[in-house]
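# Descriptive analysis of the structure
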Amino acid sequence: METQPLIGLERSEKQQKPWMPRRVLFTPDALEEGYGREILERAERLNIPVEIMTSNRITGLRGADERETYRLAKTTLAIIKAPPSQLKLQPIPPSADWQFHLAQGCPAHCHYCYLAGSLSGPPVIRAYANLPEILENLPNYIQPGKLTTFEASCYTDPLSIEHLTGGLQKTIEFFGTLPDAQLRFVTKFTAVDQLLQVPHNGHTRSRISINAPEVARRLEGGVPKVEARIAALRKLALPRSEGGGAYPIGVVLAPIMPIPDWELHYTALLDQLADALAFAPDITFELITHRFTEGSRDLLQQWYPNTSLDMSEANRTKKFNKFGGTKYVFEKGIMQQLKSFFHEGIKSRLPHAQILYWT
Ligand code: SF4
């Protein structure tokens, strides 16, 4: 049976514009890599100003203050060679067994961005020119006979720069050839057409990060609307015979927050998801509540001084990690209310969906 078209969603998908950096910087090491030179050709084809650095250090990104540094960095794409430390993978529970990186940084402007707490220095977007070496290292971490999962979105939104690098397509194709391995990536971007024909062999789970449109409208900049993201996810899941990519898919609902009338807003979102995605045979949910550290709060308040994001300590409780770090999460009662709302809401609308975790 053919999947029913969703007219509103198909239209909203067309509204995105790809991000274009003001300049692309290349280190000498990056240009020794064939893939680095491919990115150079793409940048030249797109008429983006290119600068070749004289050393392998990226400099010239500091402005007079944190805001100016932010502006300079967020409009720059730097192509560098990933250091050898990137070849020693780290686990990333509960999202996947291992994390690896195609890039670090993201051109969007979300007021709650978790990268503020995890990356240091100016938030420039760096893509790695030695991608083949990064990929060829991954099979060392696969346990034969057991599915090993790899997360590629811990420090970047890989689809946000795909038109400039092509790295996600190469990665999906590589995983298509690997037995016992699954690639997982998540994005807020919608330019999925470039991924539809990639031979993924069912080994990539494509996920889209969404929130209630009321949260997205206030707190997310430089990313497509929620409706367009749902349309993109639907396209990724549709069978190839219907113009889709036939991917296993996932919804990352984040960061969940109890804004005024949150039940109404999130009910509408779950309804919209169910309408668009009920046909998808393989769909997962990851449910992530809003949290922040003191360090990320300080930086985010410098980047977005007029934000309406609530980062007060009211209704929050401290959570300690094993390295001594402290996070502020919602207090227990609120967490329980939100958790049962989402679990029940998803199970009643999409009973075959798998909820991977709540945090
Ligand atoms: Fe940060 Fe994700 Fe927003 Fe990019 S899309 S700014 S990585 S939260």
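Scoring rules and cut-offs
- Sequence positions are assigned chain by chain, starting from 1 and proceeding in written order.
- Owing to the predicted nature of the model, reporting of local features is limited to residues with pLDDT of at least 70; listing and counting of side-chain atom pairs is limited to 80 or more, with chain, interface and lining totals taken over all residues.
- Hydrogen atoms and water are omitted, and side-chain values are computed over all heavy atoms in the structure.
- Only DSSP runs of H or I covering at least 4 residues are called helices, and only runs of E covering at least 2 are called strands; the numbering of each starts at the N terminus.
- With C-alpha atoms as the basis for the radius of gyration, the globule rule is written as 2.2 Å multiplied by the number of residues raised to the power 0.38.
- For the exposure calls, accessible area comes from a 1.4 Å probe over protein chains only, and a residue counts as buried if that area is under 20% of its type's maximum, exposed if over 50%, partly exposed in between.
- Any two residues having at least one pair of non-hydrogen atoms within 4.5 Å are treated as being in contact.
- Between the rings of Phe, Tyr and Trp (Trp by its six-membered ring), a pair exists once the centres lie within 6.5 Å; its type follows the angle of the planes, with under 30 degrees stacked, over 60 edge-to-face, and the other angles tilted.
- By the convention used here, strands pair only if DSSP detects at least 2 bridges between them.
- The axes used here are C-alpha line fits, helices contributing only the stretch in contact, and every angle between their N-to-C directions lies in the interval 0 to 180 degrees.
- Each residue carries a pLDDT score, the predictor's confidence in it, ranging from 0 to 100.
- Counted as salt bridges are all cases of a side-chain nitrogen of Lys or Arg within 4 Å of a carboxyl oxygen of Asp or Glu.
- Near is defined per residue: the residue qualifies when any heavy atom it owns lies within 4 Å of the molecule or strand.
- For this scheme, ten residues count as nonpolar: Ala, Val, Leu, Ile, Met, Phe, Trp, Tyr, Cys and Pro. Four count as charged, namely Asp, Glu, Lys and Arg, and the remainder, Gly too, count as polar.
- Nonpolar core, defined: a set of buried Ala, Val, Leu, Ile, Met, Phe, Trp, Tyr and Cys residues in which side-chain atoms within 4.5 Å join the residues together.

An unreviewed UniProt entry lists the protein under the name Spore photoproduct lyase, from Cnuella takakiae.

In terms of regular secondary structure, the protein is built from 13 helices and 17 strands. Relative to its length of 359 residues, the protein is compact, with a C-alpha radius of gyration of 20 Å against a globular reference of 21 Å. Counting all 359 residues of the protein, 53% fall into the buried class. Intrachain contacts of the protein at a sequence separation of at least 6 include 77% that bridge at least 24 residues.

With that settled, consider the packing of aromatic side chains. Inspection of the entire model under this criterion finds 13 aromatic pairs. Considering the side-chain rings of tryptophan 262 and phenylalanine 341, the 5.1 Å spacing of their centres and the 80° angle between planes classify their relative orientation as edge-to-face. In this pair, tryptophan 262 is assigned in helix H11 (residues 262–277) and phenylalanine 341 in helix H13 (residues 332–349), connecting sequence segments 79 residues apart. Here tryptophan 262 and phenylalanine 341 have matching classes, each one buried. Taken together, the ring pairs connect Trp262, Tyr266, Phe341, Phe342 and Trp358 into an aromatic cluster.

Here the focus is the sheet that holds strand S1 (residues 23–26). The five strands are arranged S2-S1-S3-S8-S6 in an open sheet whose pairing can be described as mixed. Two strands lie at the open edges of the sheet, namely strand S2 (50–52) and strand S6 (103–104), each paired on one side alone. Here S1 pairs with strand S3 (residues 76–80) via four bridges, running parallel. Within S3, the position partnered with valine 24 by the bridge is leucine 77. Helix H4 (residues 66–74) contacts S1, S3 and strand S8 (125–128) of the sheet and is inclined by roughly 60° relative to S3.

Examined bridge by bridge, strand S15 (residues 316–320) and strand S16 (residues 326–330) share five bridges and lie antiparallel to one another. Note on S16: the bridge partner recorded for arginine 316 is phenylalanine 330. Counting the residues that bridge the hairpin from S15 to S16 gives five residues, and of these glycine 324 lies at a positive phi of roughly 90°.

Moving on: the confidence of the model for the protein. In this model, the protein carries a mean pLDDT of 94, and residues with pLDDT of at least 70 account for 96%. This prediction of the complex comes with two scores: 0.94 for pTM and 0.99 for ipTM.

The next subject is the pattern of salt bridges. Under the criterion given, the structure shown has twelve salt bridges. Ionic pairing is found between glutamate 214 and arginine 217, a salt bridge with its closest N-O pair at 3.0 Å. On the criterion of helical spacing, the pair formed by glutamate 214 and arginine 217 is a turn pair, its members being three residues apart in helix H9 (residues 213–219). Aspartate 271 is the partner of arginine 349 in a salt bridge, and the nearest nitrogen-oxygen pair spans 2.7 Å. Pair noted here: arginine 349 is in helix H13 and aspartate 271 is in helix H11, with a separation of 78 residues, a long-range link. Using a relative accessible area of 27% as the deciding quantity, one classes arginine 349 as partly exposed. Taken together, the shared-partner salt bridges connect Glu151, Arg184, Arg207 and Glu286 into one network.

The ligand sits among Cys106, Ala108, Cys110, Tyr112, Cys113, Tyr114, Leu115 and Lys188. Looking at side-chain class alone, the shell around the ligand contains seven nonpolar, no polar and one charged residues.

Now for the nonpolar core. A general tendency of soluble globular proteins is for nonpolar side chains to be buried together. By size, the foremost hydrophobic cluster in this structure holds 110 residues, and its most contacted members are Phe100, Leu253, Tyr266, Phe285 and Phe342. The element best represented in this core is H11, accounting for eight residues.

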